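Residue strings, one per chain:
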Amino acid sequence: MVIVCTGASEKGEKSQKLQILPAVKWARVYRALRPFLRPFGDSGEGRLDFYHRSLSKAVRKKYFNVELGSGEEGAGVPSPEATRWWNNKLANFFETVPNLDRKCEEYPYQLIKMGDTKRLTECLCEWDIINRLYDTDYSSQLLTYWRKVDEKYETMVDKYTEMSENMTTDDSQQKADRLKCLAHILIQAGQYQPAKGIVDNILVLETEELGSQPERLVELYDLCGELFDEIAKLHDFITREQLKDLRPTIDYCRKAIGIRKTLEGPRHKFKLADTLMRLSFALNTWMECGGDNTLPSTEAQEESLKHITTSVKMFKEIGDLGKEAEASMTRAILYERGSDEQLEWYQISREQCQQAFGENCKLMTRIISNTGIYYEDIQDYHTAHDHFVKWHQLCIEVFGETHPRTISAESCLNEPRYRQIANFKARQAAMNERNADENVAVEEGREIDRNNDDDNDAYADEDDDDDDF
């Protein structure tokens with residue numbers, strides 16, 4: 001609940017200046033309204049909400065011009081003009097509210113409800129907003145807001161690239177940190193080439209102006225390793241072409257590990273385990289690509305297994321179940337393809353991921369995808385298709401429709417084999433629905449209309465070899 005002073009005059013004119021209701025006036029309002037209010041959520045503190053729906057319905061009727069129905073739920077629809085007026089009023093208030101958490105929660109939301117993409121863009125370019133919504137694992141809320149501006153992140157790329165080029169500060173360290181933040185957000189959004197341009201500038205800044213400080217270089221090397229790791233994962237199939245992207249991934253991860261081992265503290269231990277896991281995955285892919293004379297596939301496989309074993313152990317010691325889930329998934333990938341051990345570890349990683357993050361998360365998209373590949377390897381294509389469908393759905397939910405990972409999932413489903421399976425399942429579903437309708441008709445004593453049977457049979461006979469998987 002937000003109570004603001006709008007500066008209403010005796011003539012009913014309202015100024016645009018919003019401010020928190022003074023404490024004295026709020027005390028009087030609160031005493032009068034206290035029987036009708038309750039704390040929001042379970043904490044018993046912070047924001048307030050209406051105690052009973054009848055009061056919120058009365059407010060909607062008065063301030064949103066809603067004509068309520070007589071039914072239990074009410075039947076009114078707020079007028080668009082009134083709703084937009086209040087959205088604008090709340091947006092203006094939260095734009096300048098000193099509580100940054102409330103600003104991040106409410107201001108973009110109100111702008112989205114208004115469809116004001118111009119102000120939303122400006123909001124998402126404010127550094128206090130960026131810093132609060134940026135998450136080193138995945139900036140889900142920030143990227144969701146940007147997709148409300150445009151689904152393809154084109155505006156975000158333009159604005160963040162412009163910010164990186166026009167950053168004016170005498171503090172080189174702050175500039176480098178902000179550039180790393182922008183680059184990482186672009187990586188998370190799947191905008192790898194713009195991110196690479198910013199990363200190249202950071203490398204120059206760190207080495208030429210900041211003296212190649214180990215504690216700073218290690219973070220940059222980790223970022224570079226993540227960037228090239230994501231680029232290497234763009235390939236739908238494992239081919240030797242991936243080696244050119246895997247090489248910088250491996251090199252940057254090894255550099256980061258070399259420095260990280262010299263640093264102490266729980267944060268460095270966590271980051272070391274994370275980089276070991278990324279390096280293990282890259283080395284395993286290198287092995288599957290056949291390796292080269294600088295790093296034979298057998299050596300890559302041995303090093304990969306050593307690193308993931310260490311990583312799993314470290315995440316257990318740290319007690320981070322989410323990262324342990326990711327390490328378990330990577331451990332599964334290293335087992336023989338299609339083996340019972342591989343499926344067992346995928347199941348372990350999925351259970352751990354659900355406990356740590358729930359279903360709709362970045363890691364779950366990878367677990368579901370890799371489990372689908374497992375079933376593909378053992379030629380259980382129907383189960384593989386089920387996993388790839390779920391993979392695609394999760395990617396849309398987590399990344400949006402235009403992210404490279406979502407596009408990869410869609411490409412997988414468009415392969416001839418899985419299009420055939422989708423058609424087969426659609427026919428089966430239609431047939432089951434028709435049989436269910438006929439059973440109901442028989443039970444109710446109605447006559448069954450079979451006029452369309454010939455059409456259905458013709459459809460079922462279409463592409464007979466679709467059923468051969």
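Preceding this paragraph is the structure being described.
Per chain, residue numbering runs from 1 following the sequence as it is written. With the structure being a predicted model, the display of local features is reserved for residues of pLDDT at least 70 and the display and counting of side-chain atom pairs for 80 or more, all residues being used for whole-chain, interface and lining totals. Note: side-chain values were computed over all heavy atoms of the structure, leaving out hydrogens and water.

Visitor: Explain the pattern of salt bridges residue by residue, including any values.
Guide: Throughout this description, the term salt bridge denotes a Lys or Arg side-chain nitrogen within 4 Å of a carboxyl oxygen of Asp or Glu. A complete count under the given rule lists 33 salt bridges for this structure. A salt bridge links Glu219 to Arg267, with the nearest nitrogen and oxygen atoms 2.8 Å apart. Here Glu219 is found in helix H11 (residues 214-232), whereas its partner Arg267 is found in helix H13 (residues 266-288), with 48 residues between them in sequence. Between Glu324 and Lys316 there is a salt bridge; the shortest N-O distance is 2.7 Å. With a 1.4 Å probe rolled over the protein chains alone, any residue whose accessible area is under 20% of its type maximum counts as buried; one over 50% counts as exposed, and the rest are partly exposed. Since its relative accessible area comes to 9%, Glu324 is described here as buried. In the salt-bridge network here, residues are joined through shared partners; they are Glu219, Asp222, Arg260, Arg267 and Lys271. Put simply, DSSP marks the helices as runs of H or I at least four residues long and the strands as runs of E at least two long, and each gets a number from the N terminus on.

Visitor: Before we move on, can you summarise the packing of aromatic side chains with the specific residues and values?
Guide: Planes of paired rings set the category: under 30 degrees apart is stacked, over 60 is edge-to-face and the rest tilted, where pairs are Phe, Tyr or Trp rings (Trp by its six-membered ring) whose centres lie within 6.5 Å. Under the criterion given, the structure shown has 11 aromatic pairs. Here the aromatic rings of Tyr374 and Tyr375 are separated by 5.0 Å at their centres, their planes lie at 80°, and the arrangement is edge-to-face. Looking at Tyr375, the relative accessible area reads 15%, which means it is buried. Ring pairs connect the aromatic residues Tyr221, Phe228 and Tyr252, which therefore count as one cluster. Here Arg331 stacks its cationic end above the ring of Tyr335, 4.1 Å away from the centre of that ring. The ring of Tyr381 has Arg417 sitting right over it, with the charged end atom 3.8 Å from the ring centre. Remark: a charge is flagged as sitting over a ring if the NZ atom of Lys or the CZ atom of Arg is within 6 Å of the ring centre and within 35 degrees of the ring normal.

Visitor: Which residues make up a negative patch on the surface, and what values go with them?
Guide: Candidates for patches are residues over 30% relative accessible area with no salt bridge; among them, like charges are joined within 9 Å and nonpolar side chains (Val, Leu, Ile, Met, Phe, Trp, Tyr) within 5 Å. Here the accessible surface of atoms and residues is derived via Shrake-Rupley with a 1.4 Å probe, and residues count as covered only by protein chains that are part of the display. Neither His nor the chain termini are counted; the positive set is Lys and Arg, and the negative set is Asp and Glu. Charge positions come from single atoms, namely NZ of Lys, CZ of Arg, CG of Asp or CD of Glu. On the surface, Glu154, Asp158, Glu162 and Glu165 cluster together to form a negatively charged patch. Checked against the element boundaries, Glu165 lands in helix H8 (residues 154-165). A relative accessible area of 60% places Glu165 in the exposed class.

Read these as geometric descriptors, not functional statements.
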